[in-house]
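Chain by chain, the residues:
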Amino acid sequence: MKAKKLIEVALPIKEISLESVRDKSLCHSKGHMSTLHVWWARRPLPTCRAVVFASIVPDPLDELCPVAFGEAIDDLLNKGKAKAIYKPYADIPYTAVLDPVEDNRRNRLLAFIGQFSDKCQQNMLAGKATSPKELLSDYSLIKWECKNNPEILATARKLIWVAYNAEQEPSKSYDALSAEFDVAYKAISDAEKALYGTVDRHIECDANWDLEIALKMAIENFQNRMPSVFDPFAGGGAIPLEAARLGCRSYGNDINPVAHIIEKGSAEFPQKYGKPIVYSKAEFERIYGDDGIKLFQEKNANDGIGWRIDTKNYYLKNRLSFDVEYYAKKILKETEADVGYLYPADEQGRKPVAYYWARTAKCSNPSCGAEVPLLRGFYLCNRDKKKIYLNPVITGNDIQFEIKEGTCKLKEWNRRGVLTCPCCGSVTSVDEVKADMKKQQNPYGRMLAVISDSKDGKEYRIPNEQELRVSRQSFSSEDIQRPSDRMPIENVRNFNTPGFGFSNWGDLFSDRQLYVMNNLVRHFQQVKESVANNEYGHSLVVYLALLIDRIAAFSNSFCVWDSREIIQRIMGRQAVAMVFDYPESNPFSGSTGSAENHLEWIVNFLETEGFCPFSASFHNSSSGEKRQYEAKSIDVTVTDPPYYDAIAYADCSDFFYIWLKRTIGDLYPLNFATPQTPKMEECTALKHHQGGTDEKAKIHFENKLTQIFDAIELQTGDIVSIMFAHQSTEAWTTLCNSILAARMNITGSWAMDTEQNCGMKADKAYLESSVTVSCRPSERKGFGDFAEVKAAIEKKVADEVESLYQLGFRGADLLTACFGQAVSEFGHYKTVEKADGTEVTVGELLELARNAAFNTLLKGVQGDVYTRFYIGWLQMNGAGDADYDDATKFTRVGLPVDIQDVKSKNLLIGDGKNFHLAMAEEHLGDKGAVIGTRPEDSLIEQVHRAMLLYKSEDRALLLALIKNVAQDENGPFWRLLASLKELLPANDDLKQVEGLLQNAADLRESSKEKPREVIGDLFDTAR
Ligand SMILES: C[S@@+](CC[C@H](N)C(=O)[O-])C[C@H]1O[C@@H](n2cnc3c(N)ncnc32)[C@H](O)[C@@H]1O
Ligand SMILES: [Zn+2]
């Protein structure tokens, strides 16, 4: 028997949540891994780091926890020392649920993972907000700024070392283990210094080779005594990256070749090759020539640290980042020399940032036939302080434009593809527009405006003659080599494609965009030929290929010019939605969307991720292969499987696959052997890949997940931690079934917010928390009695919901957060049977857990589904706006009502995008006055009617209503009012609710009397 892992007992979820929310906003920060290349559904780094760490270290308060580990905490986490930085909290509101926080080893370990800063604690007490960057203490392992902090990382690595080795050799003392760590750890930095300090280490010779081997050995010796961590669904590589950062042997699998390349680029190459190098002057100048010297000087001037020169040598902080920048600039310069004429500078010599295009369609009125730009709106910029739009100038059926400032009052011409002709007023249907566009040689439209940078921000103008002329240049098919790989156009549900005749991935690019892409690829190939054909050379080339991917994502006709006046790449929402008007970036502008801009992101990432000596290893195949690792040879599995049908990874990534295949397909022939990314074996529930039915898709997902978990269970020695972010019961049923079918049970379950500031804003629906469950192999024994299991689940779930509610969790996620707890109860038994002998399914069980959670939230409000819907929504989403996703999610997990249903009842008001809960007036205003006065009406109708009558001071009717439906003081009517009083924001409804409650006794009493002829001073309770 071994001690439980920390993750099975405790996690600082509030701290992890807030730093993870912050991580999402850091996606545009220098050096964040998401800036390397897009991948979908990335987990935030703080969550990954915390979950990996807590899945490895034991709970220090567990009786079986090795003594040495407890001592390690005492020594490393400052117990009793003057600088007690990991001191548990004094009483602060946020941790109310956990108060009092005792000063013990477990709490110190939690504080090491993440702890609110002193300033943040004080702010919390004073009810003040704290800026995201100051939320956590500077000593928190998961804090963004700590990712390269040598002391904190050494502490984390030592804690892991002691925990891991003390489990293998319980008799060893902490001192002995600590000393062994110090020796092995120092050996790495010594070997690094020796290698990276050697002049001209790039030259292949025995002496350099020995230094490289020495470093490899030092790393291997160290890691042989560290646990191994595996992620079978590695995606963008966040989990393996964090496992490697913690010093573990880190492995990742992904079926997708694009993910595989991104993983290598994120968590293998920077750690292996993003290192300092010293060149003798002669060597440096031989290799890089004048351009290299210039680049070096720029870096030396801008960055300084690490980039220096003396009489003999050039000192480079990061060989890989320098090479990537050097060779990328070469490619860009050569390409610009060939194609730069397509983007002429203006009279002042400025290079335009982008060109604004609109596709066109012919007006269906034969006597008009205007070629109408399909503009959905006319604004190029629509901000409070800056409004600029394209103003049409129409002569006959000729449409020209001028640029105007101010508010645009024009009505749009194009509503969801239906065209109203501005010349003749005729309407052309979507089908006609589609048919017209399919016939077009050029479905990329007409250039309408040119966007440039100026000292006052972006500037817009009408294109000049030269620009129009080059914009119309035609290219031979050989010049543009349009890729003919098909998009999954037959599928509209799981992966939207634009329609309108855009069937191939290559169709997304205009001719001139493809012409430029092909020139880039051509110069890329020349550079590739010139760099060394070894692993280092390949890694360098991978970044150049990723750069071309990034350029492709911003240089196609499906980008969007957003309200911040920057270009948004294609597939912002995991689909290729139709775009009628779009910005075409100028790759050579140096501004938003330009190639130089992309390069900067890549270089920044390389420069901040190169410090770690530990890299992860990746494998590109479908997971679930039982022979991949020996039985129990992986210590910990931490993973984030696909969320049922939420994202069509393979379909999305084909956009990049076609370019990567062209750029590095020859370096990775096995990964790029197939025409497109593998689809059939992907572990998702997408019916277009699985025989066309929902049922088949579901079975495929469940079988695949079970097969993969089955292999994991065989290969993993300790804990399996699984993150899951889907809110539907169906997806959860599949997940839990697969866990149980793989002979594991859930031993811990944690909800973590990853998208929004939980508990900080009162009126917004909280989205996208993910739940992490830790699992262990378990023997499910005997038969459970349903009544007992049900009672146990209801209790567990109620406790969990209460505690998460207090921690600030809201939204539909709150209901799913309790699923893990419910399953852990159920998973002890082989089967759970009802009184009639039938077996309870996981689906039924989750239904039960969901209801229990919902009832806890409803706090005992009984009544019909509409009333329960009303209160549930108010509990979870408040009275403010929620978007369509929240609304569907809510109805999916909440109650057996759908959006249409509650909309038709006027309970939810919305325009298709945003929804809010109806207040009394909105709910009943238009309905007949009798609704809500009868016993058969829903409770919320009765209460809202009473509120309206109270407001309009219609006492006689109010008394009649009360007499009819609200006589019982303890009845649901009054309890609903009491709940509303708790939940409504300070608005008009709240006033009526409070008024009714204040006058409740009198109203009930008066309602018993016979109606009076003359109604006196209404609601004069003093009478
Ligand atoms: C939720 S994502 C993982 C995201 C990752 N945690 C990150 O932060 O970037 C799930 C991943 O599972 C991969 N996947 C799907 N089916 C798979 C299979 N059969 N074997 C291996 N990987 C698979 C997908 O390609 C996708 O990258
Ligand atoms: Zn017309």
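Residues numbered from 1 in each chain as written. Chains lettered and ligands numbered in written order. Predicted model: local features only at pLDDT ≥ 70, side-chain atom pairs only at ≥ 80, totals over all residues. Heavy atoms only, no water.

Colleague: When you look at the pairing of strand β11 (residues 398–405) in this model, what are you seeing that I'm missing?
Modeller: Bridge count between strand β10 (residues 387–395) and β11: eight bridges; the pairing is antiparallel. Paired with Leu390 across the strands is Ile403, a residue of β11. Between β10 and β11, which pair antiparallel and follow one another directly, the connecting turn spans two residues, one of which, Gly396, has a positive phi of 60°. (Pairing = 2+ DSSP bridges. Helix = DSSP H or I, 4+ residues; strand = E, 2+ residues; numbered from the N terminus.)

Colleague: Whenever I open this one, the nonpolar core confuses me. Can you help?
Modeller: Nonpolar side chains tend to gather and get buried jointly when the protein is soluble and globular. Ranked by internal contacts, the top residues of the largest apolar core, which has 264 residues, are Phe53, Leu159, Phe655 and Ile664. Element by element, the count of residues in this core is highest for helix α18 (residues 535–554), at 14 residues. Sequence-distant contacts of Phe655, defined by excluding residues within four places in its chain, comprise Trp505, Leu508, Phe509, Ala552, Ala553, Asn556, Ile570 and Met571. Listed in part, the 45 residues of the second largest apolar core include Ile871, Leu924, Leu959 and Trp974. (Core = buried A, V, L, I, M, F, W, Y, C linked by side-chain atoms within 4.5 Å. Buried < 20%, exposed > 50% of the residue type's maximum accessible area, 1.4 Å probe, protein only. Contact = heavy atoms within 4.5 Å.)

Colleague: Which parts of the structure should I look at to understand the packing of aromatic side chains?
Modeller: Each aromatic ring pair is characterised by the separation of its centres together with the angle its planes make. All told, the structure shown has 52 aromatic pairs when counted by the stated rule. One aromatic cluster is present, formed by Tyr279, Phe284, Tyr288, Phe296, Trp307, Tyr314, Phe322, Tyr326 and Tyr327 through successive ring pairs. Arg319 extends its terminal NZ or CZ atom over the ring of Tyr536, reaching a point 3.9 Å from the ring centre. The ring of Trp974 carries Arg1004 above its face, with NZ or CZ at 5.0 Å from the centroid. (Phe/Tyr/Trp six-rings, centres within 6.5 Å; stacked < 30°, edge-to-face > 60°. Lys NZ or Arg CZ within 6 Å of the ring centre and 35° of its normal.)

Colleague: Please explain the coordination of the zinc ion (ligand 2) as it appears in this structure.
Modeller: Tetrahedral coordination by four donors places them ideally at 109.5 degrees to one another around the metal; octahedral coordination by six donors ideally gives 90 or 180 degrees. Coordination of the zinc ion (ligand 2) by the protein involves Cys363 (SG), Cys368 (SG), Cys421 (SG) and Cys424 (SG), with metal-donor separations of 2.3 Å. Geometry at the zinc ion (ligand 2) is tetrahedral, judged from its four donor atoms and the angles of 103 to 115° they form at the metal. Read in sequence order, the donor residues coordinating the zinc ion (ligand 2) give the pattern C-x4-C-x52-C-x2-C. One end of the pair, Cys363, is in the loop between β7 (360–362) and β8 (371–373); the other, Cys421, is in the loop between β13 (418–420) and β14 (427–428), and 58 residues separate them in sequence. (Donors = N, O, S within 2.8 Å, 3.2 Å for Na, K, Ca; no water. Tetrahedral: all angles 85-135°; square planar, octahedral: opposite > 155°, others 65-115°.)

Colleague: It is not clear to me how the site of ligand 1 should be interpreted in this structure. Could you clarify?
Modeller: Taken together, 27 residues form the shell around ligand 1, and within it Arg43, Gly236, Asp254, Asp640 and Cys683 come nearest. The contact in question runs from an oxygen atom of ligand 1 to an N or O atom on the backbone of Arg43, over 2.8 Å. Asp640 is positioned with one of its side-chain polar atoms (N or O) 2.7 Å from a nitrogen atom of ligand 1. The cavity where ligand 1 resides is the largest cavity. (Near = heavy atom within 4 Å. Polar contact = N/O pair within 3.5 Å; in protein donor to acceptor, adjacent residues only side chain to side chain. 1 Å grid on protein atoms, 1.4 Å probe; cavity = no way out; pocket = protein on both sides within 12 Å on 5 of 7 lines; lining within 4 Å. Sits in = over half its atoms within 2 Å of the grid points.)

Colleague: Explain the pattern of salt bridges to me, please; I cannot follow it from the model alone.
Modeller: In a structure, side chains of opposite charge can pair up when their charged atoms sit close to one another. Within the structure shown, the criterion is met by 65 salt bridges. Note that Arg106 is salt-bridged to Asp59, the shortest N-O span being 2.9 Å. Separated by 47 residues along the polypeptide, Arg106 in helix α4 (residues 105–113) and Asp59 in the loop between α2 (45–56) and α3 (67–76) bring together distant segments of the chain. What makes Arg106 partly exposed here is its relative accessible area of 22%. Here Asp138 ties to Lys143 by a salt bridge, and the two come within 3.2 Å at their closest N and O atoms. A single salt-bridge network, built from bridges that share partners, covers Arg49, Lys147, Glu242, Arg245 and Glu609. (Salt bridge = Lys/Arg side-chain N within 4 Å of Asp/Glu carboxyl O.)

Colleague: Honestly, the layout of surface pockets in this entry has me stumped. Any pointers?
Modeller: Over the atoms, a rolling probe the size of a water molecule traces out where space has been left empty. If you add up the space inside the second largest pocket, you get close to 1300 Å³. Lining the second largest pocket we find 46 residues, and of these Glu212, Lys272, Tyr273, Arg319 and Tyr536 sit closest to its centre. Listed by contribution, the elements that provide at least two residues to the lining of the second largest pocket are α7 (174–196), α8 (206–223), β2 (249–253), α11 (269–273), α12 (281–302), α13 (319–339) and α18. It is α8 that provides the largest number of residues to the lining of the second largest pocket, a total of eight residues. (Points joined across faces, edges and corners; volume = space filled by probe spheres on them.)

Colleague: Help me understand the sheet that holds β14, please; the structure alone is not making it clear to me.
Modeller: Backbone-to-backbone hydrogen bonds join strands into a sheet, with any given pair of strands oriented parallel or antiparallel. The sheet built from three strands is open, its strands ordered β12-β13-β14 with antiparallel pairing. What marks the edges here is a single partner per strand, and that holds for β12 (414–415) and β14. Relative to β14, β13 runs antiparallel, the two sharing two bridges. Paired with Thr420 across the bridge in β14 is Val427.

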